[in-house]
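Geometric and topological summary
Single-letter residue listing:
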Amino acid sequence: MPKDVVATTPGDAPATVARPPRSAAGTRVVWLMGPALVAGVAYLDPGNVASNMTAGARYGYLLVWVVVLANGMAWLIQYLSAKLGIVTGESLPQVLGRRIRRRPARIAYWLQAEAVAMATDLAEVIGGAVALNLLFGIPLVVGGVITGLVSLVLLAVHSRRGPRTFEFIIIGLVVIISIGFCVGVFIAPPDAGSVLGGLVPRFEDSGSVLLAASILGATIMPHAIYAHSALSRDRFGGHETRTANGGFSTRRLLRATRWDVSIAMAIAGTVNLCILLLAAANLAGIAGTDSLEGAYAAIGASLGPLVATLFAVGLLASGLASTSVGAYAGAEIMAGLLHARIPLLTRRLVTLVPALVVLAIGFDPTLALVLSQVVLSFGIPFALIPLVILTARSSVLGPWRNHWATTAAGVAASVFLVTLNGVLLWLVFTG
């Protein structure tokens, strides 16, 4: 079997174009899947857990519609990101790095993207640290260091063994995450009528708007938009490279990618919904359950220690998987926009510092997770709007540019997110 497409460092061009052995069509399609499942880990990170758990514990089923809406928008956004990487052979940061010619503007764009990446790292490291504390009693700061070190090991696997091996490891962690967060819903199922009632769009107060923005920021994560285009590039190269090397047709890759994204978003959406429903059905009205530690204790008291342990294991897998993808995205952002690279170890250590500081000063970990997702929500338009514009242009994607309806849906998602962020700002400044 030919070798996988390997990019040893984010931003590098693929060395070869892989093609699986000729076998059943279904087998070949399965072989083409993977990048979306890796990028989809961003939708299962500890920030998602904190936002959905807090929403369910405080407001019951009120924000079910936000989870469903966010997942639908995420499908479109991730597909567009993957399509950009597959057709152009470049990541979104690379394309923007070429098109933003003025260095001050490029640096300004990089600063906001880097802030988003650091907010992501904050959430993922804190989540892993909390999970290690719940499972083994490890101090939070030490748990944060362990989480950061594990992410380095996973990144080394990507660099040395190629994207396919990295994908298998991340997919394995996704399985653990799914089991850990979904078991409780089957043991103590929510009320079906209340779930349906939660599909009606509405808010209760400014706190529910804040949590809605947090859920959106946790679901439609900017760094996942940057990362997915790079992951697709690493696996498949661009259209011209594949044509020259006899690789798969772009049309076929895009068809497989739609399946890849659909499966990834179905998993992420189901898990996120299960987290909210678990909290709404079992934790609503119980004091202290709007924190991860309180939720863990309450789940253990109401559903038993096994379910609580599985929840903590899922949280740990979430932190370990998502922090490696986040670090990969951060390196890609710098390489694409600034045409500069720093060693991943150095970058990992620098981005680890804010999370360790938050843990060391005793700041509420769950509140830090929720607020980090709000920061991510404000970063969404800066990634989404350029993505929609670029994928709509024939000068960028040629015959694979967006259909007008796809572009309209992307514009509608952008307008909705910008409006929600505006409302959130108004609520914050007016009290």
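Residues numbered from 1 in each chain as written. Predicted model: local features only at pLDDT ≥ 70, side-chain atom pairs only at ≥ 80, totals over all residues. Heavy atoms only, no water.

- With an unreviewed UniProt entry as reference, the chain is termed Nramp family divalent metal transporter, source organism Leifsonia stereocauli.
- Check the Subcellular location (unreviewed entry) section of the UniProt entry for the chain; it says "Membrane". (UniProt positions renumbered as here; feature names shortened; annotations may be inferred.)

**Here we look at the overall build of the chain**
- Secondary structure summary: the chain contains 19 helices and zero strands in total.
- Across the 431 residues that make up the chain, the buried fraction comes to 60%.
- When contacts within the chain are restricted to residue pairs at least 6 apart in sequence, those whose partners lie at least 24 apart make up 84%.
- With the model as given, the accessible surface of the chain reaches about 16,100 Å², and the carbon-plus-sulfur share is 68%. (Helix = DSSP H or I, 4+ residues; strand = E, 2+ residues; numbered from the N terminus. Buried < 20%, exposed > 50% of the residue type's maximum accessible area, 1.4 Å probe, protein only. Contact = heavy atoms within 4.5 Å. Areas by Shrake-Rupley, 256 points an atom, 1.4 Å probe, with all protein chains shown as cover.)

**Some remarks on helix 5 (residues 92-99)**
- Across the eight residues of helix 5, six count as buried, placing the element largely inside the fold.
- Here helix 5 has its buried residues at Leu92, Pro93, Gln94, Val95, Leu96 and Gly97.

**Examining the confidence of the model for the chain**
- Residues of the chain with pLDDT of at least 70 account for 87%, and the chain-wide mean is 82.
- The model gives residues 1-9 a pLDDT under 50, and that stretch makes 30 contacts with residues more than four places away or in other chains.
- Note that pLDDT drops below 50 for residues 11-18; the model gives that stretch 30 contacts with residues more than four away or on any other chain. (pLDDT = per-residue confidence, 0-100.)

**Things to note about a nonpolar patch on the surface**
- A cluster of nonpolar residues, Val353, Val357, Ile361, Phe363, Leu367 and Leu371, forms a patch on the protein surface that exposes about 510 Å² of accessible area.
- With respect to the secondary-structure elements, Phe363 resides in the loop between helix 16 (344-360) and helix 17 (365-391). (Patch = residues over 30% accessible without salt bridge, like charges linked within 9 Å, V, L, I, M, F, W, Y side chains within 5 Å. Salt bridge = Lys/Arg side-chain N within 4 Å of Asp/Glu carboxyl O.)

**Examining the packing of aromatic side chains**
- All chains considered together, the criterion is met by three aromatic pairs.
- With 5.5 Å between their ring centres and 65 degrees between their planes, Trp65 and Phe203 make a pair best called edge-to-face. With Trp65 in helix 4 (residues 64-88) and Phe203 in the loop between helix 9 (192-197) and helix 10 (206-219), the pair connects residues that are 138 residues apart, well separated along the chain.
- By relative accessible area, which is 9% here, Trp65 ends up buried.
- With relative accessibility at 39%, the residue Phe203 sits in the partly exposed group. (Phe/Tyr/Trp six-rings, centres within 6.5 Å; stacked < 30°, edge-to-face > 60°.)

**Quick look at the pattern of salt bridges**
- Within the structure shown, the criterion is met by three salt bridges.
- One salt-bridge network, in which partners are shared between bridges, spans Arg233, Asp234 and Glu332.

**Examining the nonpolar core**
- One finds Leu63, Ile126 and Ile299 to be the most contacted residues of the largest nonpolar core, which totals 136 residues.
- If you tally residues by element for this core, the top one is helix 15 (residues 305-338), at 17 residues.
- Look past the residues within four positions of Ile126 in its chain and what remains in contact with it is Ala355, Val358, Leu359, Pro365, Ala368 and Leu369. (Core = buried A, V, L, I, M, F, W, Y, C linked by side-chain atoms within 4.5 Å.)

**Here we look at the packing of helix 7 (residues 140-161) against helix 15**
- The geometry of helix 7 relative to helix 15 is characterised by a closest axis approach of 8 Å and an angle of 60 degrees between their N-to-C directions. Compared by their axis directions, helix 7 and helix 15 come out oblique. Helix 7 and helix 15 meet at a crossing whose hand is right-handed. The segment helix 7 lies against helix 15, with Thr147, Val150, Ser151, Leu154, Leu155 and His158 engaging Gly319, Leu320, Thr323, Ser324, Ala327 and Tyr328.
- By residue class, the composition of the contact of helix 7 with helix 15 is six nonpolar, six polar and no charged. (Axes fitted to C-alpha atoms, helices over the stretch in contact; angles between N-to-C directions. Parallel < 35°, antiparallel > 145°, perpendicular 65-115°, else oblique. Left-handed = near helix turned anticlockwise from the far one by under 90°. Nonpolar A, V, L, I, M, F, W, Y, C, P; charged D, E, K, R; others polar.)

**Side note on helix 11 (residues 222-236)**
- Here helix 11 is 15 residues long and its end C-alpha atoms lie 22 Å apart, about the 21 Å a rise of 1.5 Å per residue gives.
- Residue Gly237 follows helix 11 closely and has a positive phi angle near 70 degrees. (Expected span 1.5 Å × (residues − 1).)

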